[in-house]
Amino acid sequence: MVTSPNRSVKFGKITIREYDVTVGDNPACSVGVPISLGWKYNPHHEQYPVEVYERYRSGQRCDDSDELKLHEFVRLRILNEWNVPKSKIKRAERTCRIVKDQRQQTIEDLALEEEKKRNLHYDSEYDYKFGNRRLKNLTGTFQKMFKSQKTLYSQKRRC
């Protein structure tokens, strides 16, 4: 009988780094300028055993994504605290607005194209069916006209 070895997972320590805060480039930010973490971080970081960290942050987990959203004024205050130049903030705001407008235009263009495809498909089916019906009617009409003309011609010939 082969027994499986006991498997276990053991966690060491959690390292917490503090990064610079800067303007972001996420156009999904509803109002104002988005914020992001920069590339620079404080080389002096804190380490905690997992058990201590989990005990400390007990009950602090976010269940709702709305809790993670920051109001535009809070984001501006944070950027000001990190001495981000106002010109950089304005540029990022303008860029986000442009990207949002482009996304909105793309959505509208796609909806318009879908509408055109639906109408074209509908129209082509309709025209095709209508055309066939019309062609049969015209063919019948021409046949009747031809017969009547033929009859008239043959009657004239007899005279």
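Things to note about the nonpolar core
Right, so step 1: In terms of nonpolar packing, the biggest core is built from eight residues, these being Val 21, Val 23, Val 33, Ile 78, Leu 79, Val 84, Ile 89 and Ala 92.
Right, so step 2: Those elements giving two or more residues to this core turn out to be strand E2 (19-23), helix H2 (72-81) and helix H3 (86-158).
Right, so step 3: Ala 92 has contacts with Val 23, Gly 24 and Val 33, leaving out every residue within four places of it along the chain.

Quick look at unusual backbone geometry
Both trends apply: most residues other than glycine have a negative phi, and most peptide bonds are in trans.
Right, so step 1: Non-glycine residue Asn 83 carries a positive phi angle of around 55°.
Right, so step 2: Structurally, the position occupied by Asn 83 is in the loop between H2 and H3.
Right, so step 3: Classification of Asn 83 as exposed rests on a relative accessible area of 65%.

Describing the side chain of Arg 75
Right, so step 1: Looking at the element boundaries, Arg 75 is found in helix H2.
Right, so step 2: One polar contact links the side chain of Arg 75 to the main-chain carbonyl oxygen of Val 33, over a distance of 2.9 Å.
Right, so step 3: Only 2.3 Å separates the side chain of Arg 75 from the backbone oxygen of Leu 70, close enough to count as a polar contact.
Right, so step 4: The residues touching Arg 75, leaving out its near neighbours within four places in the chain, are Cys 29, Val 31, Gly 32, Val 33, Pro 34, Ile 35 and Leu 70.

Side note on the pattern of salt bridges
Right, so step 1: Per the stated rule, a full pass over the model turns up one salt bridge.
Right, so step 2: The salt bridge partner of Arg 77 is Glu 81, with a shortest N-O separation of 3.9 Å. Of this pair, Arg 77 and Glu 81 both sit in helix H2, four residues apart, roughly one helical turn.
Right, so step 3: Classification of Glu 81 as exposed rests on a relative accessible area of 55%.

About the criteria used
- Residues numbered from 1 in each chain as written.
- Predicted model: local features only at pLDDT ≥ 70, side-chain atom pairs only at ≥ 80, totals over all residues.
- Heavy atoms only, no water.
- Core = buried A, V, L, I, M, F, W, Y, C linked by side-chain atoms within 4.5 Å.
- Buried < 20%, exposed > 50% of the residue type's maximum accessible area, 1.4 Å probe, protein only.
- Helix = DSSP H or I, 4+ residues; strand = E, 2+ residues; numbered from the N terminus.
- Contact = heavy atoms within 4.5 Å.
- Polar contact = N/O pair within 3.5 Å; in protein donor to acceptor, adjacent residues only side chain to side chain.
- Salt bridge = Lys/Arg side-chain N within 4 Å of Asp/Glu carboxyl O.

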